[in-house]
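# Observations on the model geometry
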Amino acid sequence: MAEFEIVAREDFSDVTYLLEVRHPLMARAARAGQFVIVMEREHGERIPLTIADFDRDKGTITLVIQAVGKTTREMQRQCTVGSHLHAMVGPMGIPSHLDPKARKVLCVGGGLGVAPVYPQARAYKEQGAYVIGVLGFRTRALMFWEDRFRDVCDELIVCTDDGSAGIQGLVTEGIRTAISAHADIDEVVAIGPPVMMKGCAEATRPFGIRTMVSLNPVMVDGTGMCGGCRVKIGEQVKFACVDGPDFDGHLVDFDDLMKRLGRYRPTEKAALAQWEESCRLRGGAGHAH
């Protein structure tokens, strides 16, 4: 299992952490916008995670994870440098289509979505586009990768809910700021929670700017067989794992997506409560720091 060794870890906050996993073949194959499915242990849950970065020279894949449910919290405790993931499958999904004609691109990331929008911003910069980054966080304490974005963006707008960094407000404020300064934006790429991506799509709709979003619904097999990740795109039903994860934000039925995600909450809550109880019985549920 040496190919899934965790070679680096960084904790951005008490819930957000980065894992760098050694997998030279996958690092060579990975493209912006793709995802992997990981299993922390043999009988663990399979979870889809967007690739936040890849380094072909080092042969590593970077994942940025939020400890919200049972498995991601378990990984937060167990995944230390030198440990191994049981399995990592990928890269999956269709790589993001980078419009070769796009001269000016707005890359928007909200919360955890900041990580997967980074490879897209970098790819557009490498293609010669003028890149404007808009990053949204709840508060300054949760910010990460600002330096990485400054390296690949011609302009960077930071938004925080509480105004502790950048401009106060949601990423939609940042989008409006960028659009008012640049009437010639060719494309917007937005990644974050569904409600945030919906807001981005609505902010750009009046201007008719093509807006691509990355959908990450519940997935089981990642091959289009289970149908768990189906999403409504205009009049069509698509599977995020094989048809996506990128879709035209102006066509996505976000209300349907959020309703479907909400269905699993009671199950997720029960699994987490059970795990926390077993941790308590085994002697404390501290973090692996």
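Residues numbered from 1 in each chain as written. Predicted model: local features only at pLDDT ≥ 70, side-chain atom pairs only at ≥ 80, totals over all residues. Heavy atoms only, no water.

### What about the confidence of the model for the chain?
Spelled out, the test is: Scored from 0 to 100, pLDDT records how confident the predictor is in each individual residue. Whether two residues are in contact is decided by their heavy atoms, any of which lying within 4.5 Å being enough.
Per-chain confidence: the chain averages 85 in pLDDT, with 85% of residues scoring 70 or above. The model gives residues 285–289 a pLDDT under 50, and that stretch makes 13 contacts with residues more than four places away or in other chains.

### Structural notes on the sheet that holds strand β1 (residues 6–11)
This is how it is decided: At least two bridges found by DSSP between two strands is the condition for calling them paired. The secondary structure listing takes helices from DSSP runs of H or I that are at least 4 residues long and strands from runs of E that are at least 2 residues long, numbered from the N terminus. Axis definition: a line fitted to C-alpha atoms, over the contacting stretch in the case of helices. Angles run 0 to 180 degrees between N-to-C directions.
Spatial ordering of the open sheet is given by β1-β2-β6-β5, a layout of 4 strands whose pairing is antiparallel. Sheet topology places β1 and β5 (53–55) at the edges, where each strand pairs with a single neighbour. Shown here is a sheet whose adjacent strand axes are inclined to one another by a mean of 20°, direction ignored. Relative to strand β2 (residues 16–22), β1 is paired through 5 bridges, and the arrangement is antiparallel. Looking at β2, one finds that Arg-9 is bridged to Leu-19. Packing against the sheet, helix α2 (residues 70–78) makes contact with β1, β2 and β6 (60–66), and its axis sits at approximately 70° to β2. Relative to β5, helix α3 (residues 114–126) is tilted by about 55°, and along the sheet it contacts β5 and β6.

### A short note on the packing of helix α5 (residues 171–181) against helix α6 (residues 194–204)
Here is the rule: The cut-offs work like this: below 35 degrees is roughly parallel, past 145 is roughly antiparallel, 65 to 115 is roughly perpendicular, and the gaps in between are oblique. A clockwise turn of the near helix away from the far one marks a right-handed crossing, whereas an anticlockwise turn of less than a right angle marks a left-handed crossing. When residue character is reported, Ala, Val, Leu, Ile, Met, Phe, Trp, Tyr, Cys and Pro are called nonpolar, Asp, Glu, Lys and Arg charged, and the others, Gly included, polar.
Contact geometry of α5 with α6 gives a least axis separation of 9 Å together with a crossing angle of 25°. In terms of orientation, α5 lies roughly parallel with respect to α6. Two packed elements cross with a definite hand, and for α5 against α6 that hand is right-handed. Each of Val-171, Thr-172, Ile-175 and Ile-179 in α5 lies in contact with α6, whose residues at this interface are Met-196, Gly-199, Cys-200, Ala-203 and Thr-204. The class makeup of the residues in the contact of α5 with α6 is 6 nonpolar, 3 polar and no charged.

### Things to note about the sheet that holds strand β7 (residues 87–92)
Spatially, β4-β3-β7 is the arrangement adopted by the 3 strands of the open sheet, whose pairing is antiparallel. Here the strands that pair on one side only, and so sit at the sheet edges, are β4 (47–50) and β7. Neighbour-to-neighbour, the strand axes of this sheet turn through a mean angle of 25°, independent of strand direction. Across 4 bridges, the pairing between strand β3 (residues 35–39) and β4 is antiparallel.

### Quick notes on unusual backbone geometry
The omega torsion of the bond from Gly-90 to Pro-91 falls at -5°, within 30 degrees of zero and hence cis. Within the element layout of this structure, Pro-91 appears in strand β7. Although it is not a glycine, Trp-145 adopts a positive phi angle of roughly 65°. For Trp-145, the position within the fold is in the loop between β9 (130–137) and α4 (146–152).

### So, α5
This is how it is decided: Throughout, exposure labels follow a simple rule: accessible area from a 1.4 Å probe, protein chains only, divided by the maximum for the residue type, with under 20% read as buried, over 50% as exposed, and the rest as partly exposed. An arc is given here, and it is the one of the directions from the helix axis to the C-beta atoms.
Inspection of α5 places Val-171, Thr-172, Gly-174, Ile-175, Ala-178 and Ile-179 among the buried residues, and these make up the whole buried set. For α5, the buried positions fall inside an angular range of 155° around the axis, keeping them on one side. Relative to its buried face, α5 has exposed residues pointing more than 90 degrees away, namely Ser-180 and Ala-181. Residues of α5 that are buried make contact with β8 (104–110), β9, β10 (155–160), β11 (167–168) and α6.

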